[in-house]
Amino acid sequence: MFKVEVLIEHPVQALDRGFSYLSKKPILTGIRVQVPFNHRQVVGYVLSVEEVDLTQKELEERDGFKYSYIYSVIDEAPLLNNELITLAHRMSKMTICPLIACFQAMLPGTLKPSTHKMVGIKTITCVRVINTGIPKTTKQQEAFRLLVEKGEMFLKDIPYSRSVIASLEKQGLVEVYNKEVQRDPYAGNNLKINNKITLTPLQTSVVEGVLETSQMISLIHGVTGSGKTEVYIALTKKMLEENKTVLMLVPEISLTPMMERVFKERFHDEVAIIHSRLSQGEKYDEYRRIKKGEARIVVGARSAIFAPVENLGLIIMDEEHDMSYKQDNTPRYHTLSIAKMRAEKNHAKIVLGSATPSVETYARAKKGIYSLFEMNQRINGKPLPYCEVVDMGNESRSGNYSLMSRRMKQRLQETLDKKEQAMILLNKRGYASFIKCESCNEPIRCPHCDVTLTYHKAENRLKCHLCEYFIPTPRTCPNCGSTHLKKIGYGTQKIEEELEKQYPEAHIIRFDFDTTRNKNTHLKLLKDFEEHKADIMLGTQMIAKGLDFSNVTFVGVLMADLSLMVPDFRASERTFQLLCQVAGRSGRGEKQGTVMIQTFNPEHYAIKAAVKQDYDAFFKEEIAFRKKAKYPPYCHLVSVIVQSRSPKNVHSIALDISQYLKDHLEKVRIIGPQSTFKMQDIYRERILIKYIESKPIYEQLSIIDDYYNRTRKGGVIVACDFNPYSTY
């Protein structure tokens with residue numbers, strides 16, 4: 001008999017330990033099993049197996065509780081290798097979260113320790129010849145001749161009845177069997193095979209420098225269009241020559257197809273794809289390909305960092321500054337932290353690439369903690385786009401209250417007249433920001449979140465962008481019954497409507513969350529724009545990074561200071577990064593590009609530096625602010641988030657935790673708790689801690705975690721978010 005320790009699928013701290021079960025047969029650690037738990041059948045993950053000489057009764061008398069047997073074994077082999085199992089344990093301690101949550105984060109949906117519907121191997125019925133002979137009837141002989149000629153055929157493609165094939169099978173002439181079919185996420189994409197790698201002298205020196213440096217982490221700071229992707233390709237080729245594997249990470253799903261294509265054209269079937277837009281079956285098949293070693297390169301978004309590759313040689317994080325590399329729910333990890341752990345274990349290298357690296361990353365590179373490689377020129381000496389700023393305050397004073405300045409309308413028309421393409425950025429989706437009653441001055445709010453509902457004209461709905469709650473657009477105010485409702489603000493839908501009126505001959509693509517939420521719609525929209533089936537691409541920040549269209553010669557930015565208004569210490573950095581990144585989409589071909597930035601804050605240092613594409617000027621101003629205000633890189637941050645369905649519980653316990661931390665920690669600064677915020681019917685308060693030494697922070701937060709999460713005291717859940725990307 002075997003005693004088995006099983007981790008239950010529910011990711012809560014109170015259950016974050018092994019539960020003991022029995023098995024009559026030996027089973028492997030690291031597989032999923034179905035077990036009884038609290039009068040239900042759940043899925044668990046096997047932590048350890050121990051052979052015991054005692055009977056079930058003797059074990060129960062010794063241990064003081066009743067044992068149950070495992071119902072069934074789900075997997076034939078362990079899901080994760082030893083490296084990833086060890087990583088999950090480290091990650092659980094690093095993020096102060098349940099171990100099972102880390103295992104679940106590492107696995108695709110179909111393989112998670114969870115009772116959700118599972119997907120298996122996809123098969124198709126085939127027929128093949130296994131013997132010689134003469135079939136009995138004319139029809140059978142015709143079918144047999146066809147099969148001899150083809151060798152093997154799908155049953156559905158054979159132009160003869162099932163009874164004919166069954167007769168051939170009965171005579172021992174053919175075999176009918178199920179053949180595995182790979183679900184290829186790249187099927188239907190026309191690839192141009194391109195095995196050539198040609199580097200400029202600067203690219204060559206960067207590749208050699210990365211390979212030769214003794215530092216584990218290298219930062220490639222290259223302007224938009226400087227050829228960083230070719231450097232990634234060359235480094236990957238070198239790793240494959242050394243029989244090593246590569247993780248190529250990109251932040252946005254909209255970027256993934258661009259990088260997929262580049263890598264698929266160079267490395268063909270060596271490349272596997274991992275991101276959330278794949279179907280469950282595609283994820284399952286790609287994961288199995290990686291695990292079997294059939295794909296040595298993995299291209300994908302954040303979750304690809306957990307790909308089960310062996311002999312890892314290189315991890316590349318393109319657009320390393322992007323906030324989507326940070327997971328904002330349990331387990332709250334940063335991709336770079338996981339990359340460092342994997343690189344240390346495998347003696348691998350990490351390459352960070354960006355035109356606008358995060359302030360913390362660039363500061364570390366300047367200090368020599370990371371190797372720094374600068375690529376200050378576009379490929380083949382192409383100039384950076386000419387950038388101008390429009391003061392919208394002056395526009396308003398001269399009587400233009402439109403969201404587009406007169407100069408931008410003129411430049412857009414000129415671009416269209418030359419049969420060139422334009423991109424317009426407005427980082428706000430929907431039609432209007434909200435609807436407000438002019439009688440009682442109340443906006444229409446989400447009942448589940450502390451935000452207003454955004455008006456979406458196409459569906460005639462008001463939507464919450466936090467919880468996806470929606471209602472049909474009301475005709476009367478839900479607060480006072482008045483019919484005097486006014487739409488306030490702008491979104492991409494409204495600008496699309498204005499562009500269609502202003503430029504009736506132009507074809508416009510809107511690229512935002514609403515138009516790309518269905519599978520592969522983002523691929524179709526990008527392909528259509530690349531093939532010049534549209535003249536203007538209008539979108540949110542999704543269009544700002546990684547896209548490369550040679551015919552785009554004009555980029556316009558509306559409401560450039562939107563992100564400056566966010567109460568967050570990274571607001572200026574995000575604004576600068578967004579403006580520089582979207583500006584980099586212009587003039588990537590042979591024609592000169594131009595950029596126009598509309599703002600009410602033309603003198604703000606982030607705007608001024610973005611107009612000049614001057615990262616050093618921005619960094620100098622921003623690092624001075626960070627030093628004065630004691631923000632990263634001059635300290636570490638952790639957010640303690642108190643959550644409950646009761647606002648009273650949240651507030652009183654947040655105050656208790658804040659006081660406890662002040663009493664038990666030295667040389668830290670504690671900010672908050674901030675005022676209560678409701679999201680998805682859960683009330684939250686946040687406490688922000690600035691600190692230098694990690695050890696005492698982890699000690700005290702672990703005590704708080706044990707008290708509130710493991711013992712369920714106070715009716716709250718306390719989450720810890722280390723190095724949060726958002727502090728509001």
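Residues numbered from 1 in each chain as written. Predicted model: local features only at pLDDT ≥ 70, side-chain atom pairs only at ≥ 80, totals over all residues. Heavy atoms only, no water.

Undergrad: Lay out the overall build of the chain in plain terms, naming residues and giving numbers.
TA: A tally of helices and strands in the chain yields 20 helices and 31 strands. For 728 residues, the compact-globule formula gives about 27 Å, and the C-alpha radius of gyration of the chain, at 29 Å, lands near that figure. Dimensions of the chain, computed from the C-alpha atoms along their principal axes, are close to 90 × 75 × 65 Å. With 728 residues in all, the chain has 53% of them scored as buried. For the chain, the proportion of contacts with a sequence separation of at least 24, taken over those separated by at least 6, is 74%. Between the averaged position of the 103 positive side-chain charges in the chain and that of its 86 negative side-chain charges there is a distance of 2 Å. (Helix = DSSP H or I, 4+ residues; strand = E, 2+ residues; numbered from the N terminus. Rg over C-alpha atoms; globule rule 2.2 N^0.38 Å. Buried < 20%, exposed > 50% of the residue type's maximum accessible area, 1.4 Å probe, protein only. Contact = heavy atoms within 4.5 Å. Lys, Arg positive; Asp, Glu negative; His and termini not counted. Charge placed at Lys NZ, Arg CZ, Asp CG, Glu CD.)

Undergrad: Any chance you could break down the packing of aromatic side chains for me, citing the residues and the numbers?
TA: Tallied over the entire structure, the rule returns 18 aromatic pairs. With a centroid separation of 4.2 Å and 25° between ring planes, the pair formed by Tyr45 and Phe103 is classed as stacked. With a gap of 58 residues between them, Tyr45 in strand S4 (residues 40-51) and Phe103 in helix H3 (residues 99-106) connect regions that are remote in the sequence. The class of Tyr45 is buried, set by a relative accessible area of 1%. (Phe/Tyr/Trp six-rings, centres within 6.5 Å; stacked < 30°, edge-to-face > 60°.)

Undergrad: Any details on helix H4 (residues 138-150)? Residues and values, ideally.
TA: Between its terminal C-alpha atoms H4 stretches 19 Å, which fits the 18 Å expected from 13 residues at 1.5 Å a residue. Of the residues making up H4, those classed as buried are Gln140, Ala143, Phe144, Leu146 and Leu147. Projection of H4 onto a plane perpendicular to its axis shows the buried side chains occupying an angular sector of 160°, all on one side. For H4, the exposed residues lying more than 90 degrees away from the buried face are Thr138, Arg145 and Glu149. Structurally, H4 contributes buried residues whose contacts are with strand S6 (123-129), strand S7 (152-154), helix H5 (162-170) and strand S8 (174-180). Gly151 sits one or two positions beyond H4 and adopts a positive phi of about 85°. (Expected span 1.5 Å × (residues − 1). Arc of directions from axis to C-beta.)

Undergrad: I'd like a rundown of the pattern of salt bridges, residues and numbers included.
TA: On inspection of all chains with the given rule, the structure shows 38 salt bridges. Residue Glu270 pairs with Arg296 through a salt bridge whose shortest N-O separation is 2.8 Å. Here Glu270, found in the loop between helix H8 (256-267) and strand S11 (271-274), pairs with Arg296, found in the loop between helix H9 (280-292) and strand S12 (297-300); they are 26 residues apart in sequence, far enough to count as distant. Among the ionic pairs, Asp548 bridges to Arg588, the shortest N-O distance being 3.3 Å. Of the two residues, Asp548 sits in the loop between strand S24 (536-539) and strand S25 (552-557) while Arg588 sits in the loop between helix H16 (571-583) and strand S26 (594-599), which places them 40 residues apart along the sequence. (Salt bridge = Lys/Arg side-chain N within 4 Å of Asp/Glu carboxyl O.)

Undergrad: If you had to explain the sheet that holds strand S3 (residues 32-37) to someone new, which residues and values would you point to?
TA: Across a sheet, paired strands are connected by hydrogen bonds in the backbone, their directions being either parallel or antiparallel. Strands sit in the order S2-S1-S4-S3-S5 across an open sheet of five strands; the sheet is antiparallel. Of all the strands in the sheet, the pair left with one neighbour each is strand S2 (18-23) and strand S5 (72-73). Here strand S1 (residues 2-8) runs beside S4; their pairing, made up of seven bridges, is antiparallel. Bridge pairing links Glu5 to Ser48 in S4. (Pairing = 2+ DSSP bridges.)

Undergrad: Which residues make up the pairing of strand S17 (residues 421-425), and what are the values?
TA: Counted residue by residue, S17 has five buried out of five residues, so it is predominantly covered. Alternating residues of S17 divide into Gln421, Met423 and Leu425 and Ala422 and Ile424, and every residue in both groups is buried. Where S17 and S25 come together, five bridges link them in parallel fashion. In the strand pairing of S25, Leu425 is matched with Val557. Note that S17 and S24 share four bridges and pair parallel. Each bridged residue has a counterpart across the sheet, and for Leu425 the counterpart in S24 is Gly539.

Undergrad: Account for the side chain of Asp561, with residues named and values stated.
TA: By secondary structure assignment, the location of Asp561 is in the loop between S25 and H16. In this structure, Asp561 is buried with no salt-bridge partner, the nearest side chain bearing the opposite charge being Lys428 at 11 Å. Setting aside its immediate chain neighbours within four residues, Asp561 contacts Thr599, Phe600 and Asn601.

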